[in-house]
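If you want the building blocks of each chain, they are given just below.
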Amino acid sequence: MTIIPADYLNEIADEYGVTDAELEVLSLAIQGVSNADIAARLNIQAAAARKRLGEIYKKFHISGAGPGKLAKLQQILVERHRMKEARGGDDLEPKTDPSQPLRDWGQAPDVSIFYGREEELKTASTWMIEEDCRVLALLGMGGIGKTSLSVKLAKQSEEEFDCVVWRSLRQAPSLSELLTDLLRILARPARSILSDPLDEKISHLIKVLRDRQCLLVLDRVDAILSPEELAGQYRDGYRNYGDFFRRLAEETHQSCVVLTSLETPREIALRAGNNAPVRTMTLGGLQTDDAGEIFKVKGLDSKTEEKKKWADLVELYRGNPLALKIVATTIKELFGGSVREFLKQNTLVFGDIDTLLEQQLSRLSELEREIVYWLAIERFPASMEQLQNDILLPLPPKDILEALESLKRRSLIEKSQEDGVAVFALQPVVMEYVTQQLVEQVCAEIVELSRSQKLDKVKTFRSHSLLKVDEEDSELRTLQENLLLKPVKERLLRMFRSDRRLSERLGKIQVLLEDKFPLEVGYSIDNILNLLGELNLEPVAN
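Structure report, in brief. (Residues numbered from 1 in each chain as written. Predicted model: local features only at pLDDT ≥ 70, side-chain atom pairs only at ≥ 80, totals over all residues. Heavy atoms only, no water.)

Let's talk about the sheet that holds strand E8 (residues 413–418)
Two strands in a sheet stick together by hydrogen bonds in their backbones, pointing the same way (parallel) or opposite ways (antiparallel). Strand order in the open sheet formed by three strands is E7-E9-E8, with antiparallel pairing between adjacent strands. The sheet terminates laterally at strand E7 (382–383) and E8, the two strands that pair on one side only. Here six bridges tie E8 to strand E9 (residues 421–426), and the two strands are oriented antiparallel to one another. Its bridge partner being in E9, Lys 415 is matched across the sheet by Phe 424. (Pairing = 2+ DSSP bridges. Helix = DSSP H or I, 4+ residues; strand = E, 2+ residues; numbered from the N terminus.)

Below, the structure written as structure tokens:
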């Protein structure tokens, strides 16, 4: 009988997921030890020994009955060991015959129904196959279709690659877990490799990507990125992913790694370029005709006399496929298929759309949130200089520039030019959501301030003005009155239940603020006076 070294047996057992308890039984069984003696040596029941052997046969895909199964297992182990020796003991070998393609789609969603994106598919395919792009990041806000595009792209291009592996990072696996998974799929790693330091594991994976043409898709990279910081920062415990992405981008190999994310990892952003081996593609919305296919699947006809209104709807939601699917369902079920009737409601944010935006806005840093609130107050595109003047405490231009760049990476703001100056604005649906959040936050802070009389309990009410004093811009003033000041007043009236009670509370807050240092008060005194003016009441003295 050919002797199989214990270290190699450990390697092969690890590859097939054989547990330590099962390995004890396996090592004795292949030496010819009887089942009864195995049980005696390991101090277990004979039935337990048989059960462990049965699990091993399943893991090696050995069927049948009787002693023939053990003979088959011994043959597999011996052949595998001989192959390794013939290769000179190399620790990595292809998982399958290199002439046979490897496909592992993991939890990739079904994309049999797919809308538009012909240009994006063509461009990304050209980058990967003809221009040797090593890393491609597909970016965009939630619901824009990054995941679906990554699957469609991989399906469309799979014949160009020896290996295709699609993995989601939604559950935020550690880098070690991910590398172990990928190495087990793409190669037959020795047990020693799977216990190597991370840097060496990365080297082993890059060797595989260098030896074979692989298409590796890592979806939902944003799951390992940190919320409440500028875009592209890593969560605690995940910073080693930065080195992984850096090496994938910098070291030569003949494969392509596709990432999808709400925001760009900084290592990718720094190395991306039009002619570089690292590329980024920020997805915009669907064209009107492509969006029409979504409506058609929902049983709606966007080619009717309301065609212009359907186009307006697509523009308002910036062609976001998920948002359009949600709103199409509402139009069909509540408005009899009439987009005109839906648009009369003057609301874009509801139900699952609210949830979609909340998930993305919750990731913002403190300064990013302050800026999006000001953009909601400004209503029209604002320059960086305007934002600097709006923000209560002076900040270095560098901080504001970095925050704007981060918001742009998150696809939450739109940039344009006015008279040669860069200006920034929120998308309509984002504008509506942020406005709602601003109103709710200000009301909550007013209630808290009236209760506690402690100014340090409020922030947004002090740092943002609900009504900018600009008599020359009557249109902006009217918008701020109708969309900010009045909703705050109406919400507070529901909370305090009468004009008089609200006036009393606002009066107390006014008295409190008059004794404070102006910088500490910020915009809050103006907000109080504007609310009292909206109520057509003077403060009620105690």
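Overview of the packing of helix H6 (residues 118–129) against helix H7 (residues 146–157)
Across the interface, H6 lies against H7 with an axial gap of 10 Å and an inter-helix angle of 55 degrees. By the angle between their directions, the pair H6 and H7 is classed as oblique. Note that H6 runs across H7; the crossing there is right-handed. Mapping the contact onto sequence places Glu 120, Leu 121, Ala 124, Ser 125, Met 128 and Ile 129 in H6 and Leu 149, Lys 152, Leu 153, Gln 156 and Ser 157 in H7. Broken down by class, the residue content of the contact of H6 with H7 amounts to six nonpolar, three polar and two charged. (Axes fitted to C-alpha atoms, helices over the stretch in contact; angles between N-to-C directions. Parallel < 35°, antiparallel > 145°, perpendicular 65-115°, else oblique. Left-handed = near helix turned anticlockwise from the far one by under 90°. Contact = heavy atoms within 4.5 Å. Nonpolar A, V, L, I, M, F, W, Y, C, P; charged D, E, K, R; others polar.)

Things to note about a nonpolar patch on the surface
On the surface, Leu 393, Phe 517 and Leu 519 cluster together to form a nonpolar patch covering roughly 330 Å² of accessible area. Position of Leu 393 among the secondary structure elements: in the loop between helix H19 (384–390) and helix H20 (397–409). Residue classification places Leu 393 among the partly exposed residues on the basis of a relative accessible area of 47%. (Patch = residues over 30% accessible without salt bridge, like charges linked within 9 Å, V, L, I, M, F, W, Y side chains within 5 Å. Areas by Shrake-Rupley, 256 points an atom, 1.4 Å probe, with all protein chains shown as cover. Salt bridge = Lys/Arg side-chain N within 4 Å of Asp/Glu carboxyl O. Buried < 20%, exposed > 50% of the residue type's maximum accessible area, 1.4 Å probe, protein only.)

A few points about the sheet that holds strand E6 (residues 278–282)
Here six strands make up an open sheet; going across it, the order is E1-E3-E4-E5-E2-E6 and the pairing parallel. The sheet is open, and its two borders are formed by strand E1 (102–104) and E6, each paired with just one other strand. Each strand of the sheet is rotated relative to its neighbour by a mean of 15 degrees, with strand direction disregarded. Looking at chain direction, strand E2 (residues 135–139) and E6 are connected through five bridges and run parallel. Residue pairing for E6: Leu 139 is matched across the bridge by Thr 282. The strands touched by helix H8 (residues 175–186) are E1, strand E3 (163–168) and strand E4 (214–219); relative to E3, the strand with the most contacts, the crossing angle is about 155 degrees.

Focus: the packing of aromatic side chains
What describes a pair of aromatic rings is the distance from one ring centre to the other and the angle between the planes of the rings. Counted by the stated rule, this structure contains eight aromatic pairs. Here the aromatic rings of Tyr 241 and Phe 245 are separated by 5.9 Å at their centres, their planes lie at 45 degrees, and the arrangement is tilted. A residue pair is termed a helical-turn pair when its members lie 3 or 4 positions apart in one helix, as Tyr 241 and Phe 245 do in helix H11 (residues 240–250) at four residues. Accessibility assignment for this pair places Tyr 241 and Phe 245 in one class, buried. For the ring pair Phe 335 and Phe 342, a centre distance of 5.8 Å and an interplane angle of 80 degrees mean the geometry is edge-to-face. Look at Phe 342 and you get buried, because its relative accessible area is 2%. (Phe/Tyr/Trp six-rings, centres within 6.5 Å; stacked < 30°, edge-to-face > 60°.)

Section: the environment of Glu 55
Tracing the chain through its elements places Glu 55 in helix H4 (residues 46–59). The class for Glu 55 is partly exposed, based on a relative accessible area of 27%. Along the chain, Glu 55 and Glu 22 lie 33 residues apart, while their C-alpha atoms are 7.9 Å from each other.

Focus: the pattern of salt bridges
Side-chain pairing between opposite charges can occur once the charged atoms of the two side chains come close. On inspection of all chains with the given rule, the structure shows 30 salt bridges. A salt bridge links Asp 222 to Arg 220; the nearest nitrogen and oxygen atoms lie 2.9 Å apart. Accessibility expressed as a relative area gives 25% for Arg 220, which makes it partly exposed. We note a salt bridge from Asp 243 to Arg 246, for which the minimum N-O separation is 2.5 Å. With a gap of three residues between them, Asp 243 and Arg 246 both fall in helix H11, about one helical turn apart. For Asp 243, a relative accessible area of 28% puts it in the partly exposed group. Among the charged side chains, a network of salt bridges with common partners joins Asp 199, Arg 210, Arg 247 and Glu 251.

Comments concerning the side chain of Gln 427
Position of Gln 427 relative to the elements: it lies in the loop between E9 and helix H21 (428–452). According to the relative accessible area criterion, Gln 427 is buried, its value standing at 9%. Dropping the residues within four chain positions of it, Gln 427 is found in contact with Met 141, Arg 318, Ser 411, Leu 412 and Glu 414.

So, the packing of helix H14 (residues 307–316) against helix H15 (residues 321–334)
With their axes 11 Å apart at the nearest point, H14 and H15 run at an angle of 140 degrees to one another. Taken as axis vectors, H14 and H15 run oblique relative to one another. As H14 packs across H15, the resulting crossing turns out to be right-handed. Touching Trp 310, Leu 313 and Val 314 of H14 are Leu 324, Val 327 and Ile 331, all from H15.

Section: the pairing of E2
The side chains of a regular strand alternate between the sheet's two faces. Burial runs high along E2: five of the five residues are buried. The side-chain alternation of E2 yields two buried faces, one formed by Val 135, Ala 137 and Leu 139 and the other by Leu 136 and Leu 138. Where E2 meets strand E5 (residues 256–261), five bridges bridge the pair, whose relative direction is parallel. Bridge pairing in E5 places Ala 137 opposite Leu 259.

So far we have only geometry, and geometry alone does not tell us how the molecule works.
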